[in-house]
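A look at the structure
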Number of protein chains: 2
Amino acid sequence: MTELKNDRFLRALLKQPVDMTPVWMMRQAGRYLPEYKATRARAGDFMTLCKTPELATEVTIQPLDRFPLDAAILFSDILTIPDAMGLGLYFAEGEGPRFKKPLQSEADIRQLAVPDIASELGYVMDAVSMIRRELDGRVPLIGFSGSPWTLATYMVEGSSSKEFAKVKGMMYEQPQLMHRILDVLARTVIEYLNAQIEAGAQAVMIFDTWGGVLTTRDYKDFSLEYMQQIMAGLKRDHEGQRIPVIMFSKGGCQWLESQAEAGADALGLDWTLDIGLARQRVGDKVALQGNMDPCVLYASPERIRQEVATILESYGKGSGHVFNLGHGIHQHVDPEHARAFVEAVHELSKPYHT
Amino acid sequence: MTELKNDRFLRALLKQPVDMTPVWMMRQAGRYLPEYKATRARAGDFMTLCKTPELATEVTIQPLDRFPLDAAILFSDILTIPDAMGLGLYFAEGEGPRFKKPLQSEADIRQLAVPDIASELGYVMDAVSMIRRELDGRVPLIGFSGSPWTLATYMVEGSSSKEFAKVKGMMYEQPQLMHRILDVLARTVIEYLNAQIEAGAQAVMIFDTWGGVLTTRDYKDFSLEYMQQIMAGLKRDHEGQRIPVIMFSKGGCQWLESQAEAGADALGLDWTLDIGLARQRVGDKVALQGNMDPCVLYASPERIRQEVATILESYGKGSGHVFNLGHGIHQHVDPEHARAFVEAVHELSKPYHT
């Protein structure tokens, strides 16, 4: 494999010295970019974009051609897993993801099994390999998966949800069924991420988008527990390189101390928590990724620089910080504001790394 | 005024001894009750229900006729204030609240003024007086308002929002305009809640539904600061009775210590935080209200009792806890499950008050 020209991102995740704070943006390949919308239109529908390695590669690279980002992230969707499990993922126009066959009965759940990753999700590994070739060592490539709990919310609800009535009803009333789903999902995520690592992912991230809707007890039992199992099952070294793992429970900042014990190299932070306080709370155990409010990108470049400066100051000196937004970049953000953000991180962070 | 037959709720808010833990449910007058739906249908539309004191009284009392609740809450909507300010509130079928004239320009904001409460919101005070007469001392009546920040999100966005792009864009780019809106709203909320107290509200609650979407710094500057101003401006005693104030920032549990200093008698808790830990964190400064996940009501009565028992045990012995859900009751909950919840709180809490 080609040597990395820019390994700032990987070094920061492992708390090794860097020249400046690395930066990338969740959903950096997305609808705020006109070139993304053009490729998306050519693809026809969203899942074709995910399932065609050439197109997934194209959109993965697009933001890197615009901005001096320090990492690329595989273009895909967390729902590829339930799709591979036969739940029939589709996207109703303007309505978000839906499943033709959500998990409704105990029989549905008893039948759930780890899919054959190579045959059902081979298109993801093809995209990973192709992106690595295309990147040619510019920056590292991040692979990813949803967390078992987050995937289960979609699989039981059958769509996005605000109230999580079905999935929580099952969790409270039939916890053993919920644990069965989560166990199958955890084993699947391990195989899926290990396959991504073998195909070339140089770091992996677990998105626990809905961990924050749980009680403290249920977060530990139904979300964190399974992410911990995943950490233990992942290939942490591949071809002589350490593969860092980032874990991100959105809305879960009150549980940061337990998260820091789960075996991840870094924790994602949403924007509600002060990153300096987060650093105090986790100590030397993990690196941190985050945490600017994505809405700051609606403000002027000057205001964006100011907010970047505030977060850098709050984190303070030394490595262990990957700058990012606290959630995916919004579709109506001006790409020039994203540029101002990325450039500000590099420029303003140098004094913190001398 | 008639003497209260059941003052458990008020006593718990003031941390005075009680025989059992008082309980009520946010949105207890709501769509999960068939009798509510019947009145709502007779009213025609939602705002007519709010603006007709006889109908508002009827739905306020309905849950009390079913369950042994320890408090009634005025049936109304937090958006009565922007409606009174001339923003033209309406409810598009199945779409939530909208404003005909959201705050879009600096001129809109400069023109914003405290409305004449007596003429524009007299219907609310009429409802409060009528409910008090109808209650005849059964239980205390809670008045309420949205927090300035929460009201501002609707007024600037023009509707409900997920991303808060407009209101946060303004907050980040033109903070002085946002402060102007919040200042007018804080002064309005003070007058509005004081009018409710004079009309007969025996406790008041401030719903900061969207405080939790802010950064730590912005929560303090744009949400908590204005609630603190409100606390300082409210009539805390009326006709010889102390009027307790409950403050509830949903999703704001990381800021509990600052909330406890804001001048409220009690803090609302969503379900994510363990209430025993919350009690340790606030000490003797405030009472606590909450905090069962409303989704537990989808489980069986046995499971509901179990969860009630867990929360009671976590809070521990002594007064200072008003049992509630961590958010409004969902519309698809079986009313018999709500009954199981209310009855379990009374029955299982007695040993904690000996």
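Residues numbered from 1 in each chain as written. Chains lettered and ligands numbered in written order. Predicted model: local features only at pLDDT ≥ 70, side-chain atom pairs only at ≥ 80, totals over all residues.

**Examining the overall build of chain A**
Rules: Counting from the N terminus, the helices are DSSP H or I runs at least four residues long and the strands are E runs at least two residues long. Atoms counted for the radius of gyration: C-alpha only. Globule rule: 2.2 Å times residue count to the power 0.38. Burial in this document is a count-based property: other C-beta atoms within 10 Å of a residue's C-beta are tallied, and the residue is buried at 20 or more, exposed at 12 or fewer, or partly exposed in between, with C-beta positions derived from the backbone. Here contacts are defined at the residue level, using C-beta atoms placed from the backbone and a cut-off of 7 Å between them.
The helix and strand inventory of chain A stands at 16 helices and eleven strands. Relative to the globule expectation of 20 Å for 354 residues, the C-alpha radius of gyration of chain A, 19 Å, shows essentially globular dimensions. In terms of overall dimensions, chain A has C-alpha extents of about 60 × 45 × 40 Å along its principal axes. Expressed as a percentage of the 354 residues in chain A, the buried residues total 53%. Of all intrachain contacts in chain A linking residues separated by at least 6 positions in sequence, the fraction that spans at least 24 positions is 72%.

**As for the environment of G240 of chain A**
Within the secondary structure layout, G240 of chain A lies in the loop between β6 (237–238) and β7 (241–242). The class for G240 of chain A is exposed, based on 6 C-beta atoms found within 10 Å.

**Quick word on helix α9 (residues 148–157) of chain B**
Counting buried positions over the ten residues of α9 of chain B gives ten, a clear majority of the element. Positive phi appears at G158 of chain B, one or two residues downstream of α9 of chain B, with a value of about 85°.

**Some words on the relation of the copies chain B and chain A**
We apply this condition: Overlaid copies result from least-squares superposition on C-alpha atoms, with residues included only where pLDDT is at least 70 in both.
For the pair chain B and chain A, the best superposition has an RMSD of 0.0 Å and corresponds to a rotation of 180° with a translation of 0.0 Å parallel to the axis. Those values place the two copies in the arrangement expected of a two-fold rotation axis. Residues of chain B ranked by C-alpha distance from the rotation axis are headed by Q254 of chain B, positioned 3.2 Å from it. Comparing interface residues between copies, 100% of those in chain B also sit at the interface in chain A, which points to an isologous, same-surface contact.

**Topic: the interface of chain B and chain A**
Stated precisely, the cut-off is as follows: The residue classification treats Ala, Val, Leu, Ile, Met, Phe, Trp, Tyr, Cys and Pro as nonpolar and Asp, Glu, Lys and Arg as charged. All others, Gly included, are polar.
Residue-level contacts link 26 residues of chain B with 26 residues of chain A. Class assignment of the residues belonging to the side of chain B that touches chain A gives a composition of eleven nonpolar, nine polar and six charged.

**Some details on the sheet that holds strand β10 (residues 287–292) of chain A**
Residue and element names in this part refer to chain A. So the rule is basically this: Here the rule is simple: two strands pair whenever DSSP picks up at least two bridges between them.
Pairing in this open sheet of seven strands is parallel, and the strands run β1-β4-β5-β8-β9-β10-β11 from one edge to the other. Each having just a single partner strand, β1 (72–73) and β11 (321–325) make up the two edges of the open sheet. Pairing of β10 with β11, which is carried by five bridges, proceeds in the parallel orientation. Counterpart to L288 in the pairing with β11 is H321.

**Regarding the packing of helix α15 (residues 301–315) of chain A against helix α16 (residues 335–349) of chain A**
All names here are of chain A. Quick note on the threshold: Helix axes are fitted only over the stretch in contact, all axes being lines through C-alpha atoms; the angle between N-to-C directions runs from 0 to 180 degrees. Here the word oblique covers every angle except those under 35 degrees (roughly parallel), over 145 (roughly antiparallel) and from 65 to 115 (roughly perpendicular). Rotating anticlockwise by less than a right angle from the far helix to the near helix defines a left-handed crossing, while the corresponding clockwise rotation defines a right-handed one.
For the pair α15 and α16, interaxial distance at closest approach is 9 Å and the crossing angle is 40°. As summarised for this structure, α15 and α16 are arranged oblique, according to the angle between their axes. Helix-helix and strand crossings are classified by hand; for α15 and α16 the assignment is right-handed. Where α15 abuts α16, its residues P301, I304, R305, V308, A309 and L312 lie against H337, A340, F341, A344, V345, L348 and S349.

**Examining helix α4 (residues 53–66) of chain A**
Residue and element names in this part refer to chain A. To keep it simple, the criterion reads: Residue count minus one, scaled by 1.5 Å, sets the expected span of a helix.
Given a rise of 1.5 Å per residue, 14 residues ought to cover 20 Å, and the 21 Å separating the end C-alpha atoms of α4 matches this to within 8%. Residues A56, T57, E58, V59, T60, Q62 and P63 constitute the buried set of α4. Its buried side turned inward, α4 meets α2 (34–43), α3 (46–51), β1 and α8 (122–135).

**Overview of the packing of helix α11 (residues 175–199) of chain A against helix α12 (residues 216–233) of chain A**
Residue and element names in this part refer to chain A. Across the interface, α11 lies against α12 with an axial gap of 9 Å and an inter-helix angle of 30°. As summarised for this structure, α11 and α12 are arranged roughly parallel, according to the angle between their axes. In the crossing of α11 with α12, the sense of the turn from one axis to the other is right-handed. For the pair formed by α11 and α12, the contact residues are M178, L182, A186, V189 and I190 on the first element and F222, Y226, Q229, I230 and G233 on the second. Across the contact of α11 with α12, the residue classes tally to eight nonpolar, two polar and no charged.

**Quick notes on the pairing of strand β4 (residues 141–146) of chain B**
Side-chain direction in a regular strand flips from residue to residue, so the side chains alternate between the two faces of the sheet. With respect to burial, β4 of chain B is a largely interior element, six of its six residues being buried. Neither face of β4 of chain B is exposed, since L141, G143 and S145 of chain B on one face and I142, F144 and G146 of chain B on the opposite face are all buried.

**Observations concerning the nonpolar core**
For the record, the criterion: Here a nonpolar core is just a set of buried residues of the types Ala, Val, Leu, Ile, Met, Phe, Trp, Tyr and Cys, joined wherever their C-beta atoms sit within 7 Å.
Ranked by internal contacts, the top residues of the largest apolar core, which has 246 residues, are I142 and V204 of chain A together with I142 and V204 of chain B. When residues no more than four places from it in sequence are discounted, the contact partners of V204 of chain A are I142, G143, F144, L193, Q196, I197, L234, I243 and V245 of chain A.

**Here we look at the environment of I329 of chain B**
Residues and elements named next belong to chain B. Assignment of secondary structure puts I329 in the loop between β11 (321–325) and α16 (335–349). When the C-alpha atoms of I329 and Y32 are compared, they prove to be 7.8 Å apart, with 297 residues separating the residues in sequence. When residues no more than four places from it in sequence are discounted, the contact partners of I329 are M25, M26, R27, Q28, G30, Y32, P294, L297 and A338.

**Regarding unusual backbone geometry**
In this chain, G290 of chain A is followed by N291 of chain A through a cis amide linkage whose omega measures -10°. With a phi close to 60°, R27 of chain B is a non-glycine residue in the positive phi region. In this structure, D136 of chain B is a non-glycine residue whose phi angle is positive, near 50°. Tracing the sequence through the fold places D136 of chain B in the loop between α8 (122–135) and β4. Here D136 of chain B falls in the exposed class, since 9 other C-beta atoms lie within 10 Å of it.

**Observations regarding the sheet that holds strand β1 (residues 72–73) of chain B**
Reading across the sheet, the seven strands line up as β1-β4-β5-β8-β9-β10-β11 (chain B) and stay open at both edges, with parallel pairing between neighbours. Of all strands in the sheet, those bounded by a partner on one side alone are β1 and β11 of chain B.

**Some details on the pairing of strand β2 (residues 89–92) of chain B**
Residue and element names in this part refer to chain B. Here β2 pairs with strand β3 (residues 96–99) via four bridges, running antiparallel. Across the sheet, Y90 pairs through a bridge with R98, a residue of β3. The hairpin turn running from β2 into β3, its antiparallel successor, is three residues long, and G94 in that turn takes a positive phi close to 65°.

**Notes on the confidence of the model for chain A**
Which entries qualify depends on this criterion: Note on scores: pLDDT gives the predictor's confidence for each residue, bounded by 0 and 100.
Counting all residues, the mean pLDDT for chain A is 97, and 100% of those residues have values of 70 or more. Per the prediction output, this complex has pTM 0.96; the corresponding ipTM is 0.95.

**A word on the environment of P294 of chain A**
Residue and element names in this part refer to chain A. Within the element layout of this structure, P294 appears in the loop between β10 and α15. Separated by 24 residues in sequence, P294 and D270 place their C-alpha atoms 9.6 Å apart. Sequence-distant contacts of P294, defined by excluding residues within four places in its chain, comprise L325, G326, H327, G328, I329 and H330.

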